[in-house]
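Next come the chains, spelled out residue by residue.
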There are 2 protein chains.
Amino acid sequence: MDAIDERLLALLVEDGRASYTVLGDRVGLSAPAVKRRVDRLVADGIVRGFTAVIDQAHLGWTTEAYVEVHCHGTIGPEELRASFAGVPEVQDAATVTGQADAILRIVARDVRHLEDALERVRTRAAAVERTETAIVLSRLVERRAALGTAD
Amino acid sequence: MDAIDERLLALLVEDGRASYTVLGDRVGLSAPAVKRRVDRLVADGIVRGFTAVIDQAHLGWTTEAYVEVHCHGTIGPEELRASFAGVPEVQDAATVTGQADAILRIVARDVRHLEDALERVRTRAAAVERTETAIVLSRLVERRAALGTAD
DNA sequence: CGTGAAACATTTAGAGG
DNA sequence: CCTCTAAATGTTTCACG
């Protein structure tokens, strides 16, 4: 990971389909050299993969919410993971410090659909005591930056 | 947006660098037909772009947190957006319903760095009254699914 | 690690159903 | 809206500094 790798990461975050030739022009290397570096970044796990960024709202999924999950008793992360993964509307889930046991980010078509997904979250994980939902009013920042390039 | 477009979205979310030839084989179309469809999905804004997925932890950014921001008085979303965008560690920010005014997701190198970023969040937005931070213990789910394909 | 050349594959515009 | 063709580009391997 030198300075050129960092620039390549930033360029690939910006345009994941950029050709090796173009990347090479930008960082001052030949296409084969760039390919070797990118292959290495992928092999090392620094680049986990490439993906299309989908605009949820354009597909009619207009409701997004952050959900605090409070559980009773002690519950392992693995059990929670299995439960949340079973609800496809759950885009992100993580156990956290503080009063809540986990925080979810749920994307749904509308409020009715969100309610339905929440109901499934509650019944899938038996240990869920209650949930506290904060519906997103407007998204202010949505960054997909190459870290280390961000500061 | 027909069934083929949905399958293309799912394939492109899975591998954002997949060639039109391969995509065409998977959906039963020729490469030019696939390119036209993908170009249209991008032009229509359904596909916002393509990006590399970076593994933050591999770059030494191991601390992630969800932060509730409480403000005093009334404050517009635009003012908040400008403040949060000025702190590069803020990966996501959204105004929400409920007691908190906004929820942030911050990624930092370590707890000390997180504290530093939080300090900048508080001073950048003058209206911030207090913040409530939940540090991520373990990430359970991290989905980047093509919606509409998720259910 | 890098480069340049060469083989191979993909992209992309145009013609036509 | 698709396919086919064909030239332009891009990818990938390899020999070499």
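Right, let's walk through the structure included here.

Cut-offs applied
- Residues numbered from 1 in each chain as written.
- Chains lettered and ligands numbered in written order.
- Predicted model: local features only at pLDDT ≥ 70, side-chain atom pairs only at ≥ 80, totals over all residues.
- Heavy atoms only, no water.
- Near = heavy atom within 4 Å.
- Polar contact = N/O pair within 3.5 Å; in protein donor to acceptor, adjacent residues only side chain to side chain.
- Helix = DSSP H or I, 4+ residues; strand = E, 2+ residues; numbered from the N terminus.
- Nonpolar A, V, L, I, M, F, W, Y, C, P; charged D, E, K, R; others polar.
- Contact = heavy atoms within 4.5 Å.
- Buried area = accessible area lost by both parts, 1.4 Å probe.
- Salt bridge = Lys/Arg side-chain N within 4 Å of Asp/Glu carboxyl O.
- Pairing = 2+ DSSP bridges.

**A few points about the protein's contact with DNA strand C**
Contacts to DNA strand C come from A:R17, A:L29, A:S30, A:P32, A:A33, A:R36, A:R37, B:S19, B:Y20, B:T21, B:P32 and B:K35. In this structure, a phosphate oxygen belonging to DNA strand C sits 3.5 Å away from a main-chain N or O atom of B:T21. Looking at the surface near DNA strand C, the elements that each hand over two or more residues are helix 3 (31–43) of chain A together with helix 2 (20–27) and helix 3 (31–43) of chain B. Ranked by residues supplied to the surface near DNA strand C, first place goes to helix 3 of chain A with four residues. Per-class residue counts for the surface near DNA strand C are five nonpolar, three polar and four charged.

**What to know about the interface of chain B and chain A**
Every contact between the two is made by 67 residues of chain B and, on the other side, 66 residues of chain A. Carbon and sulfur atoms make up 55% of the surface buried where chain B meets chain A, a total of about 6300 Å² over both sides. Run the count over chain B and chain A and you get six salt bridges. The residue B:R48 makes a salt bridge to A:D55 at a minimum N-O spacing of 3.9 Å. Scanning the region where chain B abuts chain A turns up 41 residue pairs in polar contact (both at pLDDT 80 or more). Those elements that place two or more of their residues in the side of chain B that touches chain A are helix 1 (3–14), strand 1 (47–54), strand 2 (63–71), helix 4 (77–85), strand 3 (90–96), strand 4 (102–108) and strand 5 (128–142) of chain B. The element best represented in the side of chain B that touches chain A is strand 5 of chain B, accounting for eleven residues. The residue makeup of the side of chain B that touches chain A, split by class, is 36 nonpolar, 14 polar and 17 charged. Taken together, the seven bridges between strand 1 (residues 47–54) of chain A and strand 1 of chain B define a ladder with antiparallel strand orientation. Across the sheet, A:A52 pairs through a bridge with B:F50, a residue of strand 1 of chain B.

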